[in-house]
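Analysis of the macromolecular model
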Amino acid sequence: MEMEQLRSMGFSSDEAEEALAATGGRSTLKATEWLLSHSINNKSYSSSNRKPYSPQQPKLDRFFQSKSKPPTALTTAQQQLEEEVCDTNKRPRITIHRQQHVPLSERMRPLTVDDVVGQDHLLAPNSILRSAIDCSRLPSLILWGPPGTGKTSLAKAIANSFSSAAYKLVCLSAVTCGVKDVRHAVDNAKRKPTVLFVDEVHRFNKSQQDCFLPIIEDGSIVLIGATTENPSFHLITPLLSRCTLLTLSPLSPHHLHSLLTRAIRDFDRGLPASLGFEVLVSDDALHFLSHHCDGDARVALNALEIAATAAAARLKLLHNSPVVLNVSLDDAKEALQSKHLAYDRAGDEHYNLISALHKSMRGSDADASIYWLARMLEGGEQPLYIARRLIRFASEDVGLADPLALNQAVACYQACHFLGMPESDVVLAQCVSYLALAPKSISVYRAIQAAQKLVRGSGGQNEGVPLHLRNASTRLMKDLGYGKDYIYTPDSTSSTQNYLPSSLQGYKFLHWPHSDGHETI
């Protein structure tokens, strides 16, 4: 094998044989270095049956990555391509990135909307985006979706899909810029129509968001804002009224599989471009990465790059220059470490998951309830928050059907307070299971809701307490009739005394089960 590699580099059979004999015959790298050094230092090395060394002969660093040259600091993705390599088996020509620190997820961003994977509901042939691109009339947009779903990629792809004369793309991040940067972009937009992409637009406060209103209104710029937070809570209503809101969904596993496959096969921007040789990833590794990243393309691509880099480092300890790099399932697991969980303790996922837990318990599905509980705990939710919600559930949904449920929930809160995480996970699971399996009654919940509605409305809230229900604590009160005709119920169990104001006599708030066991509606 070493002999074939040396011959493919341009050395003759005699030269390769002599070099391998001089270096022990086990290392192609050492043999190549020996040949090159003897070609340069010994002028008489060339003979009638040997090819003299020439500058056109393949150099060593074209076959083995040199660690002596630091990567050149380049500014754009188009400037990253500097050197090309063709392997010994005449596989496709590979372009090496000198700016290797640029993550794979950044290099693999789609160039046009035709390259975008997923989000089919936004990119259908008759969608507003396709129609806008076809007509070269782009509206201002707000892109809302979880991290890694392609908001930034879609915005840049939209701008790139227009001809260069149509729009100029300016990218800002609300994390690092302010109103001054926006005004500078607007001033430049007077020379050429501009698409202003603002990432994390929810980071702008209300007064900063106000600066977008006049420039969107008069068409100075086309705004594309990206946010992971619910626009209803974090963006002002006037801004939303001037923009079209598009919702991006987490990518499905087969979409992630397509992106990973593209990164593996792309010799210009993908893994071969940064590693210098062809990469083969096992089907098990691709399946694992596709199903364990929660639809986040950035996590999947970066995990793939880490897995390939680790595999390359390991193989180079055994083989000097692998022609084809194989990435296994173990490499993928080592790179990802643990499954990525999409959860935020103060955002949409926080409320979505607690709602799922509450509704699963209400539906008496203990398995689903425990699953959503586990999702919240693994996402880092505070156990006391969950315990407080369980106390509310014990009264709202279980109520009088099992009065002991409230005791269980309060005891769960106290136990979580004593134990903390991770020990309190079993306590929460026990309480969740109990509440999910307990009989349900919302009679008390409906009763208090009906009474509060009546009190807030026009009935009964201003009517005084009947005199016989008032406490006569002084002689004056007794003289005024306080407590008069009150019947002490322990002495008269058959009393038909009324306790509601006269205008509400006979009104029913609490509908509790009759003797047949059914609640009245």
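See the structure above.
Presented here is an overview of the structure given in this document. Small disclaimer: the values here were computed from a predicted structure and weren't measured. (Residues numbered from 1 in each chain as written. Predicted model: local features only at pLDDT ≥ 70, side-chain atom pairs only at ≥ 80, totals over all residues. Heavy atoms only, no water.)

The next point concerns the overall build of the protein chain. When helices and strands are tallied, the protein chain shows 23 helices and 9 strands. The burial tally for the protein chain puts 40% of its 521 residues in the buried class. Taking the contacts inside the protein chain whose residues are at least 6 apart along the sequence as the reference set, 70% of them involve residues at least 24 apart. Counting every atom, the protein chain has about 29000 Å² of accessible surface; 53% of that belongs to carbon and sulfur. (Helix = DSSP H or I, 4+ residues; strand = E, 2+ residues; numbered from the N terminus. Buried < 20%, exposed > 50% of the residue type's maximum accessible area, 1.4 Å probe, protein only. Contact = heavy atoms within 4.5 Å. Areas by Shrake-Rupley, 256 points an atom, 1.4 Å probe, with all protein chains shown as cover.)

Looking now at the sheet that holds strand β7 (residues 244-247). Strand order across the open sheet formed by 5 strands is β4-β5-β6-β3-β7, with parallel pairing between neighbours. Looking at the sheet topology across the chains shown, the edges are occupied by β4 (168-173) and β7. Taking the axes of each pair of neighbouring strands and ignoring which way they run, one obtains an average angle of 20° across the sheet. Bridge analysis of β4 against strand β5 (residues 194-199) gives 6 bridges, and the strand direction is parallel. Each bridged residue has a counterpart across the sheet, and for Leu172 the counterpart in β5 is Val198. (Pairing = 2+ DSSP bridges. Axes fitted to C-alpha atoms, helices over the stretch in contact; angles between N-to-C directions.)

Following the criterion strictly, the structure yields 2 aromatic pairs and no others. Relative to Phe212, the ring of Phe204 has its centre 5.7 Å away and its plane inclined at 55°; by these criteria the two rings are tilted. The same class applies to Phe204 and to Phe212, which are both buried. Aromatic pair Tyr371 and Trp372: ring centres 4.8 Å apart, planes at 65°, arrangement edge-to-face. Residue classification places Tyr371 among the partly exposed positions, given a relative accessible area of 43%. Note that Arg470 overlies the ring of Tyr482, its terminal NZ or CZ placed 5.1 Å from the centroid. (Phe/Tyr/Trp six-rings, centres within 6.5 Å; stacked < 30°, edge-to-face > 60°. Lys NZ or Arg CZ within 6 Å of the ring centre and 35° of its normal.)

Okay, the environment of Asp294 next. Tracing the backbone shows Asp294 in the loop between α14 (283-291) and α15 (297-318). Put simply, Asp294 and Pro147 are 147 residues apart on the chain and 10.0 Å apart in space, counted from C-alpha to C-alpha.

This brings us to a nonpolar patch on the surface. Together, Val465, Leu469, Tyr486, Tyr488 and Tyr499 make up an exposed nonpolar region whose accessible area comes to about 500 Å². Within the element layout of this structure, Tyr499 appears in the segment after α23 (475-479). (Patch = residues over 30% accessible without salt bridge, like charges linked within 9 Å, V, L, I, M, F, W, Y side chains within 5 Å. Salt bridge = Lys/Arg side-chain N within 4 Å of Asp/Glu carboxyl O.)

Our focus in this paragraph is the pairing of strand β9 (residues 324-327). Side chains Leu325 and Val327 of β9 all project onto a buried face; the interleaved residues Val324 and Asn326 project onto a face where none is buried. When strand β8 (residues 278-281) meets β9, the two strands line up parallel, connected through 4 bridges. The residue of β9 that forms the bridge with Val281 is Val327.

Take the nonpolar core next. By size, the foremost hydrophobic cluster in this structure holds 34 residues, and its most contacted members are Val281, Leu304, Leu325 and Val327. The dominant element in this core, judged by the number of residues it contributes, is α15, at 10 residues. With residues near it in sequence (within four places) discarded, Val327 still touches Val279, Leu280, Val281, Ser282, Ala285, Ala307, Ala308 and Ala311. Counting residues in hydrophobic clusters, the runner-up holds 26 residues, among them Met361, Met376, Leu390 and Cys412. (Core = buried A, V, L, I, M, F, W, Y, C linked by side-chain atoms within 4.5 Å.)

For the rest of this paragraph, the subject is the environment of Gln208. Following the sequence through the fold, Gln208 ends up in helix α8 (residues 206-210). Not counting residues up to four positions away in its chain, the partners in contact with Gln208 are Gly178, Val179 and Arg203.

Shape descriptors only; they carry no functional weight alone.
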